[in-house]
Amino acid sequence: MGRSEPAYQPIQTMPSAQEGPTKFSTPTGVITDQWDRIALWLSTYLDTAPVVPAEQIAIDDAIARTGVSWPEELQALFRSVNGYPHDAWVPLLPSHELFDLERVIDERQVELEVWGEFAEDMDEDELSTSMAGDSAGTWLPEFVPFAGVDGNLLFVDTRPGPLYGCVTEFDKVSADDGGPQWISISALLTDVADALESGRPFAGAWTPSVVDGQLEWLYDT
């Protein structure tokens, strides 16, 4: 299966249906339930290789290497799918490539190095007392990326607070200023599954289609 980098477009395109702490108001669900919906759709409509999950021992090793606590949903995501190999790549997310565990570690380290000098100029007390979902304006060790392309990432916020585990978009220009997008990974996967099954736009802008046995997302400008 051929592979090309997804064209990045920010997902800040449509407000949530109601006022709340995240842009999209989809509630938390169950990772395995939503992944089963996605996997069924993929196996029905696409010519893809079987999905390979990560073993818990590999997940535990990645957690230890990041030095932060991973929400159970983030672990459950990798128990369902450990990214996609290059020879069986699927653009499951329209503008972010799903990472495997090694890429999680690599991308996180790159962001820590790139944004480290900016963090040095910020108020350490303010950063140390910030809560999940608070805009940091830089990359923090508590951010765990799980998808992205060209420095534009989706990460899980592992800082403490009611929004622990929320999904935020990180832009290489404006950092995390857009705020939390989804309350959890399962909420994100619910929106993906709904879009695939119904053909309705994902994140208010991306419409799925199948072309020659491959998934394509059409961006509505």
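Cut-offs and rules
- Residues numbered from 1 in each chain as written.
- Predicted model: local features only at pLDDT ≥ 70, side-chain atom pairs only at ≥ 80, totals over all residues.
- Heavy atoms only, no water.
- Buried < 20%, exposed > 50% of the residue type's maximum accessible area, 1.4 Å probe, protein only.
- Helix = DSSP H or I, 4+ residues; strand = E, 2+ residues; numbered from the N terminus.
- Arc of directions from axis to C-beta.
- pLDDT = per-residue confidence, 0-100.
- Contact = heavy atoms within 4.5 Å.
- Axes fitted to C-alpha atoms, helices over the stretch in contact; angles between N-to-C directions.
- Parallel < 35°, antiparallel > 145°, perpendicular 65-115°, else oblique.
- Left-handed = near helix turned anticlockwise from the far one by under 90°.
- Nonpolar A, V, L, I, M, F, W, Y, C, P; charged D, E, K, R; others polar.

(A) Up close: helix α2 (residues 56–66). Ile-59, Ala-62, Ile-63 and Thr-66 are the residues of α2 that are buried. Seen along its axis, α2 keeps its buried residues to an arc of 100°; they face one direction. Of the residues in α2, the exposed ones pointing more than 90 degrees away from the buried face are Ile-57 and Ala-64. Phi for Gly-67, located one or two positions after α2, is positive at around 75°.

(B) Main features of the confidence of the model for the protein chain. Per-residue pLDDT for the protein chain has a mean of 88; in total, 85% of the residues score no lower than 70. Between residues 1–5, whose pLDDT stays under 50, and residues either more than four places distant or in other chains, the model counts 14 contacts.

(C) Focus on the packing of α2 against helix α3 (residues 72–80). Two elements in contact, α2 and α3, have axes whose closest approach is 10 Å; the angle formed by their N-to-C orientations is 135°. Overall, the two elements α2 and α3 adopt an arrangement that is oblique. Viewed along their axes, α2 and α3 form a crossing whose handedness is right-handed. From α2, Gln-56, Ile-59, Asp-60 and Ile-63 reach across to α3, where they touch Gln-75, Phe-78 and Arg-79.

(D) A look at the packing of α3 against helix α6 (residues 185–198). Taken N-terminus to C-terminus, the directions of α3 and α6 make an angle of 45°; their axes are 9 Å apart at the nearest point. Looking at the two axes, α3 sits oblique to α6. Here α3 contributes Glu-73, Leu-74 and Leu-77 to the contact with α6, which in turn contributes Ile-185, Ser-186 and Leu-189. Partitioning the contact of α3 with α6 into residue classes produces four nonpolar, one polar and one charged.

(E) A look at unusual backbone geometry. Unusually for a residue other than glycine, Ala-203 sits at a positive phi of about 55°. Topologically, Ala-203 is positioned in the loop between α6 and β6 (206–211). Accessibility expressed as a relative area gives 7% for Ala-203, which makes it buried. Unusually for a residue other than glycine, Asp-212 sits at a positive phi of about 55°.

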